[in-house]
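Spelled out, the chains give:
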Amino acid sequence: MWVVEEMISHRIDFSACPIGIVPFGTGNDLSHVLGWGIAAPKTLLGENLVELKRLIVDWIDATISDFDIWDIDVEVNENRGAIVKVRSDEGRVLKRALSRFQGPTEVPILHYHRKMSNYLSIGIDARIGFGFDKKRTRSTICNKCVYGWEGFKKLFTRTVPINEAVHSVEVGFIGDPPLPPEGQIKLEKNESKFQVEVNQENQKLVSLFSTAAQRGAGENALQGSPVCLIGLNINSYGSGTDPWGTSRGKVAVLGPDGRPKEDVWGSQSFNDGKLEFVCYNNPVRLAMERMIKGQASRLGQGGGPFAVKFRDLDINGPPMRTYLNIDGEFFQLIAPKSITISLAKEIPGGKIKVLRKKPASR
């Protein structure tokens, strides 16, 4: 995302500068979706630069596509809250709370903002990634081994499940589109089947689900005790799995009548202005996704903005800790308050241009 951030800061026209991808990371999910592969090229230059020339030809022949970019805003409680990240300091790997200087005083950052292109997740998968960051190497193969080991260890430790960490997830439009005079909003069939509420500030709120024991009338409920919650912008997660596409018909949201919601949601696209939400009921299902498809359950699809609201801080007990993953960047959240997700406001239409590799002709 640093490329997008730099383009914003230098006011570069996104419509005139499509972004190309080379898969040099560990997961390479974005590269996989755009057709550039999931593994780094064995040779980038080659003899007489033949490999580089081939890559340049592929870029020239590529299709230019729109691609959604999302704003992520994380807020933690001002009392005992912190956003912790793994950092390297003089060869040592340390967990440190994000902070800034206010005059001569270093104060914790309670509000954190960044862009998202691929996905966001809360729960055990982010905790695995947080542990992975402590032992990250420069080798892709070694990194995959470290990731696997961290995942195995987390099978034997308790991570706060989503129904204990999150109070509710809501999606809404504030003043847009305008409300009809009678305050009733009609939704397109493929937009949403969530319960609609209109508050006194002329806002439209759509409840994705609530985990509260005493939820409001007409609210949907999260079923079970999922170990992670994932919001997807692309149809690739965890090095190539497709949780949304392979989970059709599996819904983990109960309607106000106590029955599972009907799966009426559409297919996934990275330029439709929507996010798809899924969950995994246990870490074994999460691990099995690569071998046996369809282990996730669907929660919903919508255009946002989304608000993930966490449970209130217990002033008499220890602060709740959960973990967050944004495009492969991992955080520990202490006493989290909320996470809001909306299409990037600094980018026209919330969309950049990307290069999509053309399939090889047969």
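Please refer to the structure placed before this passage.
The residue numbering used here restarts from 1 in each chain and proceeds along that chain's sequence as written. Given that this is a predicted model, residues contribute local features only at a pLDDT of at least 70 and side-chain atom pairs are listed and counted only at 80 or more, while totals for whole chains, interfaces and linings are drawn from all residues. Working from all heavy atoms in the structure, the side-chain values ignore hydrogens and water.

## Comments concerning the overall build of the protein
Line of reasoning, step 1. Helix and strand labels come from DSSP, where a helix needs a run of H or I of at least four residues and a strand needs a run of E of at least two; each type is numbered from the N terminus. The helix and strand tally for the protein stands at seven helices and 21 strands.
Line of reasoning, step 2. Evaluated residue by residue, the protein yields a buried proportion of 46% over its 362 residues.
Line of reasoning, step 3. Any two residues whose heavy atoms approach within 4.5 Å at even a single point are treated as in contact. Put simply, of all contacts in the protein between residues at least 6 apart along the chain, 73% involve residues at least 24 apart.
Line of reasoning, step 4. In these tables, accessible area is a Shrake-Rupley quantity obtained with a 1.4 Å probe, and a residue counts as shielded only by the protein chains included in the view. For the protein, the accessible area works out to roughly 19,000 Å², and carbon and sulfur atoms hold 53% of it. Residue exposure (1.4 Å probe, protein chains only): buried if accessible area is under 20% of the type maximum, exposed if over 50%, otherwise partly exposed.

## As for the pattern of salt bridges
Line of reasoning, step 1. A pairing counts as a salt bridge when a side-chain nitrogen of Lys or Arg comes within 4 Å of a carboxyl oxygen of Asp or Glu. Per the counting criterion, the structure on display carries 14 salt bridges.
Line of reasoning, step 2. A salt bridge links Glu164 to Arg158; its shortest N-O distance comes to 2.8 Å.
Line of reasoning, step 3. Several salt bridges converge on common partners, so that one network encompasses Lys85, Arg114, Asp327 and Glu329.

## What to know about the sheet that holds strand β8 (residues 119-123)
Line of reasoning, step 1. Two strands qualify as a pair provided DSSP detects at least 2 bridges between them. Strand order in the open sheet formed by eight strands is β4-β3-β19-β18-β8-β13-β15-β16, and the pairing between neighbours is antiparallel. At either margin of the open sheet sits one strand with a lone partner, and together these are β4 (92-97) and β16 (297-302). Strand-to-strand twist of the sheet, defined as the mean angle between neighbouring strand axes without regard to direction, takes the value 20 degrees.
Line of reasoning, step 2. Looking at chain direction, β8 and strand β13 (residues 228-232) are connected through five bridges and run antiparallel. For Ile122, the partnering residue across the bridge sits in β13 and is Leu229. For helices, the fitted line uses only the C-alpha atoms of the stretch in contact; every axis is such a line through C-alpha atoms, and the angle between N-to-C directions lies from 0 to 180 degrees.

## Here's the deal with the side chain of Ser236
Line of reasoning, step 1. Here Ser236 shows up in the loop between β13 and β14 (253-254).
Line of reasoning, step 2. The class for Ser236 is buried, based on a relative accessible area of 0%.
Line of reasoning, step 3. Under the rule applied, a polar contact is a pair of N or O atoms within 3.5 Å (in protein, one hydrogen donor and one hydrogen acceptor; residues adjacent in sequence only if both atoms are side-chain atoms). Of note is the side chain of Ser236, whose polar atom sits 2.7 Å from the side chain of Asp29.
Line of reasoning, step 4. Apart from the residues within four sequence positions on either side, Ser236 is in contact with Asp29, His32, Val33, Tyr119 and Thr241.

## Section: the pairing of strand β15 (residues 275-280)
Line of reasoning, step 1. With six of six residues buried, β15 is to be regarded as a mostly interior element.
Line of reasoning, step 2. Taking every second residue as pointing to the same face, both faces of β15 are buried, with Leu275, Phe277 and Cys279 on one and Glu276, Val278 and Tyr280 on the other.
Line of reasoning, step 3. Bridge analysis of β13 against β15 gives five bridges, and the strand direction is antiparallel. Counted as the bridge partner of Cys228 is Tyr280 from β15.
Line of reasoning, step 4. Here β15 pairs with β16 via five bridges, running antiparallel. When the sheet's bridge partners are listed, Cys279 is paired in β16 with Ser297.

## Some points on the environment of Met116
Line of reasoning, step 1. Here Met116 shows up in strand β7 (residues 111-116).
Line of reasoning, step 2. Between the C-alpha atom of Met116 and that of Ile341, which follows or precedes it by 225 residues, the distance is 9.0 Å.
Line of reasoning, step 3. Ignoring any residue separated from it by four or fewer positions in sequence, one finds Met116 in contact with Met1, Asp68, Ile69, Trp70, Ile72, Asn233, Leu275, Ile326 and Asp327.

## Quick notes on the environment of Val86
Line of reasoning, step 1. Of note, Val86 is situated in strand β3 (residues 82-89).
Line of reasoning, step 2. Residues Val86 and Lys134, 48 residues apart in the sequence, show an inter-C-alpha distance of 6.4 Å.
Line of reasoning, step 3. Excluding its chain neighbours within four sequence positions, the residues that come into contact with Val86 are Val93, Leu94, Lys95, Phe130, Asp133 and Lys134.

## Focus: helix α1 (residues 2-9)
Line of reasoning, step 1. All buried positions along α1 are accounted for by Val4, Met7 and Ile8. Projected onto a plane normal to the axis of α1, the buried residues spread over an arc of 100 degrees and lie on a single side.
Line of reasoning, step 2. Looking at the buried residues of α1, the elements they touch are β7 and β21 (351-356).
Line of reasoning, step 3. At the exit of α1 stands Arg11, carrying a positive phi of roughly 55 degrees. By construction, the arc corresponds to the directions joining the helix axis to the C-beta atoms.

## Some remarks on the pairing of β3
Line of reasoning, step 1. In this structure, β3 lies alongside strand β19 (residues 329-334), joined through three bridges in antiparallel fashion. Counterpart to Ala82 in the pairing with β19 is Ile334.

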